[in-house]
Amino acid sequence: MMIETIYIARHGFRSNWIDPNCGSPTGLPRDHPLAAYGETQAQELAAYFQALPVSKRPTAIFSSPLYRCLQTALPVASALNVPIYAEHGIAEWYSPVAPGTGLHPRPKAASELRAYFPEIDPSWSSVWYPPREGEDVEQVHARVNGLLELLVPEVESRFSDKHKCILLVSHAATVIALCRGLLAQPDMPLRVGCCSLSTFIRKPGAVGVLGAWEAKVLADGSHLKDGTSRDWGFEDIEISNGKVINDIGIPGTEYLADDTCGPQIQRSSL
């Protein structure tokens, strides 16, 4: 069975937007939890899916391994009794690190994240890892396109006829790149708010992954009592021609090598 529907949600409202000193439950820098308002949004997302006909509900969730995304995925997984798989390929986008400042943080492996979210199924191995040196706008789109071209057939192959509908839970920039990739519209204007939802249906007879989908809704917030909040788009940070201001790496990582990035499985294009 092929995947017929892909749902894509952004995580809920982050606690550090209210309290910059909120800290990180995992100890990983920048791994902030949801605010109480964000947890409510995640519950509203779960209620939306629970109200759908059984045939339209996602049967697997692929989440960024960052805490706020796993927190957003958890109520859906609990309501629908479906597994959560941690996929690094849909993790946060970080702009390129300034030279000599180190690397960006990398979330823990699924087996370690189960200490915080026992609902994670550790049997899934991420098919892609973002570079810890960061990415410009073109590079994050290339990463996400590569991820999609591996993830969709891998799910279909590995789980056979089990998953007709899946949910991806990610971050604003990554969500936008995912939506653009599925539609093969790399310059499509799009802003996404917290816990907004996009729905894609595979076109009849479509071949491949990129461009093989039709958008039913994009960054929709009608399932949220207060609608979407804190929307974001690439135009908020882009300087020109896909370039962005460099970011600062994590102190103490200046001499580490970025030894794991890019595709983690190979798939023939034949």
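This report concerns the structure included in the present document. (Residues numbered from 1 in each chain as written. Predicted model: local features only at pLDDT ≥ 70, side-chain atom pairs only at ≥ 80, totals over all residues. Heavy atoms only, no water.)

### Some remarks on the side chain of Ser126
Next up, step 1: Along the polypeptide, Ser126 turns up in the loop between α3 (110–113) and β4 (128–129).
Next up, step 2: For Ser126, a relative accessible area of 9% translates into the label buried.
Next up, step 3: One polar contact links the side chain of Ser126 to the main-chain carbonyl oxygen of Ala86, over a distance of 3.4 Å.
Next up, step 4: For Ser126, the contacting residues outside a window of four places in its chain are Ala86, Glu87, His88 and Gln264. (Helix = DSSP H or I, 4+ residues; strand = E, 2+ residues; numbered from the N terminus. Buried < 20%, exposed > 50% of the residue type's maximum accessible area, 1.4 Å probe, protein only. Polar contact = N/O pair within 3.5 Å; in protein donor to acceptor, adjacent residues only side chain to side chain. Contact = heavy atoms within 4.5 Å.)

### Describing the sheet that holds strand β6 (residues 197–202)
Next up, step 1: Here we have 6 strands laid out as an open sheet, ordered β3-β2-β5-β1-β6-β7, and mixed in their pairing. This sheet does not close on itself; its edge strands, each paired only once, are β3 (84–86) and β7 (213–220). Taking each pair of neighbouring strands and ignoring which way they run, the sheet shows an average axis angle of 20 degrees.
Next up, step 2: Pairing between strand β1 (residues 5–10) and β6: 5 bridges, direction antiparallel. Paired with Ile6 across the strands is Phe200, a residue of β6.
Next up, step 3: Together, β1, β5 (165–170) and β6 form the strand contacts of helix α1 (residues 36–50), whose direction differs from that of β6 by roughly 30 degrees. (Pairing = 2+ DSSP bridges. Axes fitted to C-alpha atoms, helices over the stretch in contact; angles between N-to-C directions.)

### Some words on the pattern of salt bridges
Next up, step 1: Evaluation of the coordinates by the stated rule reveals 8 salt bridges.
Next up, step 2: In this structure, Arg191 and Glu235 form a salt bridge, with 2.7 Å as the shortest nitrogen-oxygen distance. Of this pair, Arg191 sits in the loop between α5 (172–183) and β6 while Glu235 sits in the loop between β7 and β8 (238–240), and the two are 44 residues apart along the sequence.
Next up, step 3: Glu235 sits in the partly exposed class, given a relative accessible area of 48%. (Salt bridge = Lys/Arg side-chain N within 4 Å of Asp/Glu carboxyl O.)

### Concerning empty space enclosed by the protein
Next up, step 1: The final tally for this structure, using the stated rule, is 1 cavity of 30 Å³ or more.
Next up, step 2: Each pocket or cavity is described by its volume, and for the largest cavity that value is around 140 Å³.
Next up, step 3: Taken together, 16 residues line the largest cavity, and the ones lying closest to its centre are Glu92, Tyr94, Pro105, Pro130 and Pro131.
Next up, step 4: The residue makeup of the lining of the largest cavity, split by class, is 8 nonpolar, 3 polar and 5 charged. (1 Å grid on protein atoms, 1.4 Å probe; cavity = no way out; pocket = protein on both sides within 12 Å on 5 of 7 lines; lining within 4 Å. Points joined across faces, edges and corners; volume = space filled by probe spheres on them. Nonpolar A, V, L, I, M, F, W, Y, C, P; charged D, E, K, R; others polar.)

### A word on the packing of α1 against helix α2 (residues 67–80)
Next up, step 1: Taken N-terminus to C-terminus, the directions of α1 and α2 make an angle of 35 degrees; their axes are 8 Å apart at the nearest point. Classified by chirality, the crossing of α2 by α1 is right-handed. Contact with α1, carried on its side by Glu39, Ala42, Gln43, Leu45, Ala46, Phe49 and Gln50, involves Gln71, Thr72, Pro75, Val76, Ala79 and Leu80 of α2 and no other residues of that element.
Next up, step 2: Its residues assigned to classes, the contact of α1 with α2 shows 8 nonpolar, 4 polar and 1 charged. (Left-handed = near helix turned anticlockwise from the far one by under 90°.)

### Brief notes about the nonpolar core
Next up, step 1: In terms of nonpolar packing, the biggest core is built from 43 residues, with Ile6, Ile8, Phe62 and Leu168 touching the most fellow members.
Next up, step 2: Elements that contribute at least two residues to this core include exactly β1, β2 (60–63), α4 (137–158), β5, α5 and β7.
Next up, step 3: Apart from the residues within four sequence positions on either side, Leu168 is in contact with Ile6, Tyr7, Ile8, Ala9, Phe62, Ile90, Leu151 and Leu178. (Core = buried A, V, L, I, M, F, W, Y, C linked by side-chain atoms within 4.5 Å.)

### Considerations on the pairing of β6
Next up, step 1: The element β6 is extensively covered by neighbouring structure, given that 5 of its 6 residues are classed as buried.
Next up, step 2: In the sheet, β6 pairs with β7 via 5 bridges, with the strands oriented antiparallel. Pairing of Thr199 across the sheet is with Val217, part of β7.

### Some thoughts on the layout of surface pockets
Next up, step 1: Of the volumes computed, that of the largest pocket is approximately 550 Å³.
Next up, step 2: Around the largest pocket, the lining comprises 21 residues; the ones closest to its centre are Arg14, Glu92, Trp93, Trp232 and Ile237.

### Comments concerning the side chain of His223
Next up, step 1: Mapped onto the elements, His223 comes out in the loop between β7 and β8.
Next up, step 2: For His223, the side chain forms a polar contact with the main-chain oxygen of Cys195, separated by 2.8 Å.
Next up, step 3: If we skip the residues at most four places from it in the chain, His223 touches Glu44, Leu45, Tyr48, Cys195, Ser196 and Leu197.

### Here we look at the packing of aromatic side chains
Given two aromatic rings, one states the distance between the centres and the angle between the planes to describe the pair.
Next up, step 1: This structure, assessed with the given rule, holds 14 aromatic pairs.
Next up, step 2: For the pair Tyr48 and Phe49, a centre-to-centre distance of 5.3 Å together with 70 degrees between the ring planes defines the contact as edge-to-face.
Next up, step 3: The class for Tyr48 is partly exposed, based on a relative accessible area of 30%.
Next up, step 4: Overall, the relative accessible area of 0% leaves Phe49 in the buried class. (Phe/Tyr/Trp six-rings, centres within 6.5 Å; stacked < 30°, edge-to-face > 60°.)

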